Amino acid sequence: MAIVLLFIYSIIPVGILLTLSIGYTLSLQNDIFSAIMMAIFSIAALKIEQNKEKREVTWVNQAVILLLLPISLLNWLCYVLLSGWNYTILCMAICSICAGIYLKKYIQKKVLRRILFFLCFLLFIPVSFVSFFDWLFQDFGRNTVIQTLDSSDGNYRAAVICHDQGILGGDVVVEVYQVQTKMNFYIFQIWKKPKRVYFGDWAMYQDIKICWVEEDALSINGVVYRMD
């Protein structure tokens, strides 16, 4: 079960690293469902292990269990940064607690166990800091797509996005996505990193006029931007 948990915890962190390395971006979808199911599965896996007869743990399983806690913390950080669901913090905390119980129960070398707990505590500090501010400022700042426009051949999609930062003001940007590169994997989707072609003051978002003058040329307020 530890191997299965490690695989589940690794999907998003590894996915982010891979997509960034090839110039793509990853975003969560169905994040509420996946976070809840991850927490439930972590509890169920731990319960199954506790009901089994005590047996010698192989070196492969020990290596997996040593990785569980740090990977669960990285997964926690990824979900908090990418998810819009506030209770993600609770679900990810449950996963990390289960990983910590695995570590305490199956790693018999106290020195190794204490070193890993200490290193994970150092990782937990920034994770908890980000989680706290995500919870504290959950309603501060909103990104709203106010207009989208596809090119005539359907290869590109321009999006006018309003970044509202409350009393701090905000800004408006126009980003262009390559539609054909988008791939859905149920809990997340990836596509080629969008190209930001325009950046302006938030108060001017109602004055932005966009249109495709060619299949790969976008006009914004009369100024033409090429996609290549």
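Residues numbered from 1 in each chain as written. Predicted model: local features only at pLDDT ≥ 70, side-chain atom pairs only at ≥ 80, totals over all residues. Heavy atoms only, no water.

Visitor: Please clarify how the confidence of the model for the protein should be interpreted in this entry.
Guide: Where the model shows low pLDDT, its predicted coordinates should not be examined in detail. Averaged over the protein, the pLDDT score is 83; the fraction of residues at 70 or greater is 90%. Element-level pLDDT for the protein is lowest in strand β2 (residues 142-150), with a mean of 80, against a maximum mean of 90 in helix α1 (residues 2-21). (pLDDT = per-residue confidence, 0-100. Helix = DSSP H or I, 4+ residues; strand = E, 2+ residues; numbered from the N terminus.)

Visitor: Even after reading the chapter, I still don't get the environment of I101, so can you show me in this structure?
Guide: In this structure, I101 sits in helix α4 (residues 88-106). With residues near it in sequence (within four places) discarded, I101 still touches L46 and Q50. (Contact = heavy atoms within 4.5 Å.)

Visitor: Looking at this structure, how should I read the sheet that holds strand β1 (residues 24-28)?
Guide: Working definition: the strands of a sheet are paired by backbone hydrogen bonds and lie parallel or antiparallel to each other. Reading across from one edge, β1-β6-β5 is the order of the 3 strands in this open sheet, with antiparallel pairing throughout. Of all the strands in the sheet, the pair left with one neighbour each is β1 and β5 (183-184). α1 contacts β1 and β6 (188-192) of the sheet and is inclined by roughly 155° relative to β1. (Pairing = 2+ DSSP bridges. Axes fitted to C-alpha atoms, helices over the stretch in contact; angles between N-to-C directions.)

Visitor: Explain the nonpolar core to me, please; I cannot follow it from the model alone.
Guide: Nonpolar side chains tend toward joint burial in soluble globular proteins. Y9, I12, L68, W76 and Y102 are the most contacted members of the largest nonpolar core, which has 40 residues in total. At the level of elements, α1, β1, α2 (31-51), α3 (59-82), α4, α5 (110-136) and β6 are the ones that each hand at least two residues to this core. Look past the residues within four positions of L68 in its chain and what remains in contact with it is A2, L5, L6, Y9, A99 and Y102. Counting 14 residues, the second-largest nonpolar core is a separate cluster that includes A158, V160, V174 and V197. (Core = buried A, V, L, I, M, F, W, Y, C linked by side-chain atoms within 4.5 Å. Buried < 20%, exposed > 50% of the residue type's maximum accessible area, 1.4 Å probe, protein only.)

Visitor: Could you clarify how one ought to interpret a nonpolar patch on the surface in this entry?
Guide: A cluster of nonpolar residues, V111, I115, F118, L119, F121, L122, F124 and I125, forms a patch on the protein surface that exposes about 780 Å² of accessible area. Tracing the chain through its elements places F118 in helix α5. Overall, the relative accessible area of 51% leaves F118 in the exposed class. (Patch = residues over 30% accessible without salt bridge, like charges linked within 9 Å, V, L, I, M, F, W, Y side chains within 5 Å. Areas by Shrake-Rupley, 256 points an atom, 1.4 Å probe, with all protein chains shown as cover. Salt bridge = Lys/Arg side-chain N within 4 Å of Asp/Glu carboxyl O.)

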